[in-house]
Amino acid sequence: MLWDFRKNGRDYIYRIVEKKRLAPDIVRIEVEAPLVARKAISGQFVIIRLKEGGERIPLTISGSDPEKGLITIIFQEIGKTTIELGRMEKGESILNLVGPLGKPAELKNFGTVVCVGGGVGIAPILYRVKALKSVGNRVISIIGARNKDLLILHNEMKEVSDELHIATDDGTLGRKGFVTDVLDEVLAENRVDLIIAIGPVVMMRAVTGVGSAHGVRTVVSLNPIMVDGTGMCGSCRVTVGEKVRFACVDGPEFDGEFVDFDELLQRNRRYLKEEAASLMVMRAGRCTCFEETGCE
Amino acid sequence: MKKQDVSRRIKNFEEVALGLDETEAVLEAKRCLECQRPWCVRGCPVGVDIPRFIRAIRDGRFEDGIRIIWEKNSLPAVCGRVCPHEVQCEGVCSLARGCSKFMTAKGRARVEAFLEQFNLTQKRRRPVSIGALERFLADYAAEHGITPYTAGSDMKGKGKVALVGSGPASLAAAGELVRRGYHATIFEALHAPGGVLRYGIPNFRLPEEIIEREIRQLKDMGVEFRQDVVIGRTLTVDELLSDFDAVFIGSGAGAPVLMGIEGENLNGVYSANEFLTRVNLMEAYRFPETDTPINIGKRVVTIGGGNVAMDSARVALRLGAEESIILYRRRREEMPARREEIENAEEEGVEFKFLTTPTRYIGDDEGCVRAVECIRMEPGEVDDSGRQRPVPVAGSEFTIEADTVIVAIGQRPNPLIPTTTQGLETGKIRNIIADESGRTSIKGVFAGGDATTGAATVILAMGAGVRAARAIAEYIEGCKD
């Protein structure tokens, strides 16, 4: 039966079977999630909840193995939940994991595609490059990070791409500068049919700008704050071409040209204070606002 | 019914209505006139034999009483709390004047004469508190470890049914199916079962423990629950059909409706669904003990006049808002919320501005909402719902300062299943088209509740679930021939 996955008498244990640190704050895990692995396509994401009382956060799927029933997640330790996930070891289980959510990417032979990945966004870009290659595209990849130590997966990227360009802010690896500098040159020298950009919002906005200047369509993968991930709450609403869309069900990928990036940046700041408080409590082991406010 | 003191309750999420004790329940039961043709039963969407369970309470046979309810309703603790009794069973109770529109002139005269004979005052003419009695029996059963009929494992060989969503429609359908000897497996997208009962209705109206208790009873009866499965994504309806004899879709009306006015995406403007989900399902009121945050300012403005608006405005107070204001575009008497909930909101200090609607939201430099620009409305022509459609009064714009806005103007069925299921016919609001028995355009696929009707009530969804379960049983038997 399709839906009946039981192990050790329990259903749906989302066990971490592999764990590897790719950069000081970037971790790759492989998780047992057979139902998700069967269906996952590049562009989609999962929502996880680590424990009782935990929050639900979206994480992009960076690979899947339907045969083994495994999915790959590569994440940056940036908030409380991702830091806690980074502390989990091989053999431990995530309490809840649901997916694959969001629309699968459009996979067809576009011709020449430029894939731009920044920071932890390189992980889903690698997944996309593989998918695009398998349907016959020529793929030029551009990846970037602040420095060499933070740049992940460049060997794997080199292996699967027809061409790979690297940019680091400090020039410790590849070209010194931003991915957009490289993109500008690549677009000037090549006939490109499509750009895919996954990374920080400001990077995706800049890539879209460069793409537009060269008349090339850019697809971006948005990362707004979500709760349920099934179109129920509207937390992830974004404005795309004057229309309000829910990134969880209408996206997460949209035509960058029409995305209101400023609004996305603003909406992603909704819980900055609370996120900081959450981290502080985690590190202190108790609520530290006690002294000021008398809160217990 | 006794309620938690206002000054205390606006600081906690504990249940507001405290329920009846045994003496109070028996006294209330004695008020029943035991009509020969009981209107209350007709007023109940699932047809509970109300006079019979009231008689059982009167005689102190509480276990008999709960078993009578269970014959027709598998979630009495929930229905006793959230059903709009005043427009159903209690609305047609002969003791209440509300019966008049359903009665013949002769019948009405008889009731009038009866009431006068006993010199009943207006106050005593209130209907029997059927909802309170139903709740009393359900809580009595839980306290005394009385559980519904449990199906033996050998009973469940008749067929397998998958149910999509774990809200009232699926819960009622699953209960009916296992009672009839079928395997029932419920698939839920979220991490906890209960659907709208869990993510939508706040604890102070329907405590989490009550939902858990009713679900535990269903599990004991043999219903299987699978959470973290989104039908339409993780699995499709077609895949379910290959594993199960029939599929019931009870996916509810979970998609929020927004107004599409300027500033709706400012920080601090919530859909009621997001606001309530964060608080109810994710327990944001315990942040930072729990991990999900919520922002609440000093002044919270809620848009809408239904139960969801009442819930949102009352949750806001409990989260520490100093002022909680509801804007409703029609008049007070046209609010679709339950009377009891409107009264509770008023008691707790929620302010109402009627015949008022927002026209845009005004933000600050940080992109946070700071004010709501509103316009006065006046009743216009009568619309399809029989109410006067409110129309804006030109030039009557004014602004209200606000730190948080909650948009509670309605919910629609989630389009995920219709858009991923070929051949499933849908209506205007992408509601699944189903007949009285829940049959859809696909053979073997049934649907009921808010997924077919758009946002309605818990009990109507349960009624639809039970009817669909019967049709599913018939369908599976038919396939065997």
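Note that the coordinates shown come from a computational prediction; the quantities given were computed from them, not determined experimentally.

Procedures and definitions
Residues numbered from 1 in each chain as written. Chains lettered and ligands numbered in written order. Predicted model: local features only at pLDDT ≥ 70, side-chain atom pairs only at ≥ 80, totals over all residues. Heavy atoms only, no water. Helix = DSSP H or I, 4+ residues; strand = E, 2+ residues; numbered from the N terminus. Rg over C-alpha atoms; globule rule 2.2 N^0.38 Å. Buried < 20%, exposed > 50% of the residue type's maximum accessible area, 1.4 Å probe, protein only. Contact = heavy atoms within 4.5 Å. Areas by Shrake-Rupley, 256 points an atom, 1.4 Å probe, with all protein chains shown as cover. Pairing = 2+ DSSP bridges. Buried area = accessible area lost by both parts, 1.4 Å probe. Salt bridge = Lys/Arg side-chain N within 4 Å of Asp/Glu carboxyl O. Polar contact = N/O pair within 3.5 Å; in protein donor to acceptor, adjacent residues only side chain to side chain. Axes fitted to C-alpha atoms, helices over the stretch in contact; angles between N-to-C directions. Parallel < 35°, antiparallel > 145°, perpendicular 65-115°, else oblique. Left-handed = near helix turned anticlockwise from the far one by under 90°. Nonpolar A, V, L, I, M, F, W, Y, C, P; charged D, E, K, R; others polar. Phe/Tyr/Trp six-rings, centres within 6.5 Å; stacked < 30°, edge-to-face > 60°. Lys NZ or Arg CZ within 6 Å of the ring centre and 35° of its normal.

The helix and strand inventory of chain A stands at 10 helices and 18 strands. For 296 residues, the compact-globule formula gives about 19 Å, and the C-alpha radius of gyration of chain A, at 19 Å, lands near that figure. Taken over 296 residues, chain A has a buried fraction of 55%. Once local pairs closer than 6 in sequence are excluded, the contacts in chain A between residues at least 24 apart make up 64%. For chain A, the computed accessible surface area is about 12800 Å², with 49% contributed by carbon and sulfur atoms.

Attention shifts here to the sheet that holds strand 5 (residues 45-49) of chain A. Strand order in this open sheet of 7 strands is 8-3-4-7-6-5-9 (chain A), and the pairing throughout is antiparallel. Two strands in the sheet have a free side with no partner beyond their single neighbour: strand 8 (93-94) and strand 9 (96-101) of chain A.

What follows deals with the interface of chain A and chain B. If you look at the interface, chain A gives 54 residues, while chain B gives 47 residues. Between chain A and chain B the total buried area reaches about 4200 Å² when both faces are included, carbon and sulfur atoms providing 51% of it. Where chain A meets chain B, there are 5 salt bridges. Arg 270 of chain A is paired through a salt bridge with Glu 274 of chain B; the nearest N and O atoms lie 3.3 Å apart. Counting across the interface, chain A meets chain B through 27 residue pairs in polar contact (both at pLDDT 80 or more).

Bringing the packing of helix 4 (residues 50-58) of chain B against helix 8 (residues 130-143) of chain B into the picture now. Residue and element names in this part refer to chain B. For the pair helix 4 and helix 8, interaxial distance at closest approach is 11 Å and the crossing angle is 60°. With respect to helix 8, the axis of helix 4 lies oblique. When you trace helix 4 past helix 8, the crossing you get is left-handed. Note on element contacts: helix 8 touches helix 4 through Ile 130, Leu 133, Glu 134, Phe 136 and Leu 137, opposite Ile 50, Phe 53, Ile 54 and Ile 57. Among the residues forming the contact of helix 4 with helix 8, the class breakdown is 8 nonpolar, no polar and 1 charged.

The next point concerns the pattern of salt bridges. For side chains of opposite charge, pairing can occur when their charged atoms come near one another. Residue and element names in this part refer to chain B. For the coordinates displayed, the defined rule picks out 66 salt bridges over all chains. Residue Arg 126 is joined to Glu 28 by a salt bridge in which the shortest nitrogen-to-oxygen separation is 3.2 Å. Residue Arg 126 is found in the loop between helix 7 (105-117) and helix 8, and its partner Glu 28 is found in helix 2 (residues 22-29); the two are separated by 98 residues along the sequence. Within this structure, Lys 3, Arg 9, Arg 205, Asp 311, Arg 314, Arg 318, Glu 341, Glu 347 and Glu 348 form a network of salt bridges that share partners.

Here we come to the packing of aromatic side chains. Residues and elements named next belong to chain B. By the definition in use, this model includes 9 aromatic pairs over all chains. With centroids separated by 6.1 Å and ring planes inclined at 40°, the aromatic side chains of Phe 136 and Tyr 140 adopt a geometry described as tilted. Of the two residues, Phe 136 and Tyr 140 both sit in helix 8, 4 residues apart, roughly one turn of that helix. This pair shows no difference in class: Phe 136 is buried, exactly as Tyr 140 is. Above the plane of the ring of Trp 39 lies Arg 42, whose end atom (NZ or CZ) is 4.9 Å from the centre. In this arrangement the basic side chain of Lys 160 is found over the ring face of Phe 244, its NZ or CZ atom lying 5.4 Å from the centre.

Here the focus is the environment of Gly 19 of chain B. Residue and element names in this part refer to chain B. The topology assignment puts Gly 19 in strand 2 (residues 17-19). Take Gly 19: its relative accessible area is 9%, and that puts it in the buried class. Distance in space between the C-alpha atoms of Gly 19 and Lys 3 is 7.9 Å, their sequence separation being 16 residues. Once residues lying within four places of it in the same chain are set aside, the contact partners of Gly 19 are Met 1, Lys 2, Glu 24 and Arg 135.

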